[in-house]
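# Structural overview for review
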Amino acid sequence: MKALLATDASPDHEAMADALHATGRYRILRRLVPRSELLSDDGSPKRNGLLVDVETTGLDPSHDEIIELAMVPFTYGLDGRIFRIGEAFDRLRQPAGPIPAAVTALTGINDEAVAGKHIEPAEVAAFTDGATAADLVIAHNAAFDRRFLERFSDVFAHKAWACSMSQVDWAGEGFEGTKLGYLAMGAGFFYDRHRAVSDCLATIELLAAPLPKSGRTGLNLLLQEARRPTCRIWAENSPFAVKDRLKRRGYRWNGDGGAGPKAWYVDVDDGAVEQELAYLREEIYGCEVALPRRPITAYDRFSDRI
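First, a word on what this report is: a plain description of the structure on this page. Computed from a prediction, not measured in an experiment: that's the story for all the values here.

Computed from the structure, the largest pocket encloses a volume of approximately 980 Å³. As for the largest pocket, its lining consists of 34 residues, and the residues nearest its centre are Ala143, Arg232, Arg252, Tyr265 and Phe302. Looking at the lining of the largest pocket, the elements that each hand over two or more residues are helix H5 (142–152), strand S9 (230–235), strand S10 (252–254) and strand S11 (263–269). In terms of residues, the lining of the largest pocket owes the most to one element, S11, which gives five residues. In terms of residue class, the lining of the largest pocket is built from eleven nonpolar, eleven polar and twelve charged. Volume-wise, the second largest pocket comes out at about 680 Å³. Taken together, 25 residues line the second largest pocket, and the ones lying closest to its centre are Glu55, Leu106, His140, His194 and Asp199.

Written out as structure tokens, the structure reads:
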């Protein structure tokens, strides 16, 4: 990670850090210093990525509100190399009511900081879909950010999305946990946490770095998962007595008014659909049954629309 992180430390401090690390008795964390160029342009085909992060008054997008939105554009290659990081969009927004104390304690954003501040949906759409329109939107917990942002601006409903938290096998690469702060420490750096731009920049650095076991970049693994089509199967009207078996198999309950039936559901690879349906017929229902299902791609994954 050292090669990926800029540093303004003096050479003496760097030598001291290297000497401590070489003993095997110390772990060194370097402060993340923002930078614009990660790799020189080699003329290969590029795409435009957009790292987004929201801070909100709570966890429920049906009534909680965005109080900060950051978007950081970057260019990447089809192989998952990240080349340049663009100028960030960062805005605060005053919600309808007071910011909960727990949110202020976590983010440092209080009522005074957001007083009179607005985020214009038209400005967000122009930034997201302008001259360098985002080909892919990434969030660290896209299931959270996408639900808030689609309610805020329609532009996010028409983009391909990926999740840097759930679509990279961090555990398989030797990291403990998937929280951004843990991943940063595992990669050897620290940053100002729980502010939207800082979280975006930290995520980009993580995705740009070669991972310790596979040697592939985090973005390379993320793109592989984002491109993979899946299918959602709803175990509609499944017997109540088998709910724990479904949970152990990875099914989740859709009962909060979202799209689709009020039922247990699971997302599986396209190639595993018939196998999963056979499991449901034999182990859950005990008979032939026609179950609702829907193909899912990056354009609707993590959205309330499914």
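Now, onward.
Let us look at the pairing of strand S6 (residues 136–139). Neither face of S6 is exposed, since Leu136 and Ile138 on one face and Val137 and Ala139 on the opposite face are all buried. Where strand S2 (residues 46–56) lies against S6, three bridges are found, and the strand directions are parallel. Across the sheet, leucine 50 pairs through a bridge with valine 137, a residue of S6. Inspection of the sheet shows S6 paired to strand S7 (residues 161–163) by three bridges, in the parallel sense. Its bridge partner lying in S7, alanine 139 is registered against cysteine 163. At this point the chain moves from S6, through H5, to the parallel S7, and the crossover so formed is right-handed.

What counts, and at which threshold
- Residues numbered from 1 in each chain as written.
- Predicted model: local features only at pLDDT ≥ 70, side-chain atom pairs only at ≥ 80, totals over all residues.
- Heavy atoms only, no water.
- 1 Å grid on protein atoms, 1.4 Å probe; cavity = no way out; pocket = protein on both sides within 12 Å on 5 of 7 lines; lining within 4 Å.
- Points joined across faces, edges and corners; volume = space filled by probe spheres on them.
- Helix = DSSP H or I, 4+ residues; strand = E, 2+ residues; numbered from the N terminus.
- Nonpolar A, V, L, I, M, F, W, Y, C, P; charged D, E, K, R; others polar.
- Buried < 20%, exposed > 50% of the residue type's maximum accessible area, 1.4 Å probe, protein only.
- Pairing = 2+ DSSP bridges.
- Right-handed = clockwise from strand over helix to strand, strands pointing away.

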